[in-house]
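Observations on the three-dimensional arrangement
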Amino acid sequence: CYDAYARVCMCLGVREMIQSLTYYMIGICLVDAQAPFVAYALVVSFQALALSLYILDIHGLPCYGNLDLSILGAAPTIIALIQLSIADRSDLGLLMDDNPYRLSCACFPLEVCW
């Protein structure tokens, strides 16, 4: 009983760590370094790592209908990545201060729903 509980708790903790690393890498690669391809590659690889962790530790195989919650966990980072990619930039490539970032308002509720 305690082994299964500990395994699920560690999986959820690692998932949160992967999410925080993903947001950090989006900020570093897409905002500071202005390297969108690297940001896309890192988001895809980190979210694939999180998805494989879900399948191994929580869902098990086969996971026919339960994968939708795992994909919902990747949605906030993908939305943030899209919003920062389409945001207006200055001539130097820096983000404008008055960007509305309307899509980013969905990130926090999706994190809470997950």
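See above for the structure.
In this report, we go over the structure that sits alongside the text. (Residues numbered from 1 in each chain as written. Predicted model: local features only at pLDDT ≥ 70, side-chain atom pairs only at ≥ 80, totals over all residues. Heavy atoms only, no water.)

Before going further, it helps to spend a moment on the overall build of the protein chain. When helices and strands are counted, the protein chain shows 4 helices and 0 strands. What you see in the protein chain, going N to C, is helices and strands ordered as α-α-α-α. Projected onto its principal axes, the C-alpha coordinates of the protein chain cover approximately 60 × 25 × 25 Å. Looking at the protein chain as a whole, 28% of its 114 residues are labelled buried. Counting only contacts in the protein chain whose residues sit at least 6 apart along the sequence, the fraction spanning at least 24 positions is 64%. (Helix = DSSP H or I, 4+ residues; strand = E, 2+ residues; numbered from the N terminus. Buried < 20%, exposed > 50% of the residue type's maximum accessible area, 1.4 Å probe, protein only. Contact = heavy atoms within 4.5 Å.)

To continue, consider the side chain of E111. Mapping E111 onto the fold places it in helix α4 (residues 107–113). Within polar-contact distance, the side chain of E111 engages the side chain of Y23 at 3.1 Å. (Polar contact = N/O pair within 3.5 Å; in protein donor to acceptor, adjacent residues only side chain to side chain.)

So, on to unusual backbone geometry. With a phi close to 55°, Q34 is a non-glycine residue in the positive phi region. Here Q34 falls in the partly exposed class, since its relative accessible area comes to 34%. Positive phi, close to 50°, is recorded for Y101, a residue that is not glycine. Given a relative accessible area of 22%, Y101 falls into the partly exposed group.

This next bit is on the pattern of salt bridges. Opposite charge on two side chains allows them to pair when their charged atoms are near. Taken as a whole and judged by the stated rule, the model has 2 salt bridges. The salt bridge involving E16 is made with R15; its shortest N-O contact spans 2.7 Å. The salt bridge partner of R15 is E111, with a shortest N-O separation of 3.4 Å. One end of the pair, R15, is in helix α1 (residues 2–32); the other, E111, is in helix α4, and 96 residues separate them in sequence. (Salt bridge = Lys/Arg side-chain N within 4 Å of Asp/Glu carboxyl O.)

What follows deals with the nonpolar core. Counting residues in each nonpolar core, the largest one holds 7 residues, listed as I26, C29, L30, A39, V43, L81 and L84. Only α1, α2 (36–59) and α3 (67–86) provide two or more residues apiece to this core. If you tally residues by element for this core, the top one is α1, at 3 residues. Filtering out sequence-adjacent residues up to four positions away, L84 remains in contact with I26, L30, V31, R89, L95 and Y101. (Core = buried A, V, L, I, M, F, W, Y, C linked by side-chain atoms within 4.5 Å.)

For α1, with 31 residues, the first-to-last C-alpha span of 44 Å sits near the 45 Å given by 1.5 Å per residue. Within the span of α1, buried status applies to C11, R15, I18, Q19, T22, I26, C29 and L30. One or two residues past the end of α1 sits Q34, with phi positive at roughly 55°. (Expected span 1.5 Å × (residues − 1).)

Function cannot be read off these values alone, since they describe shape.
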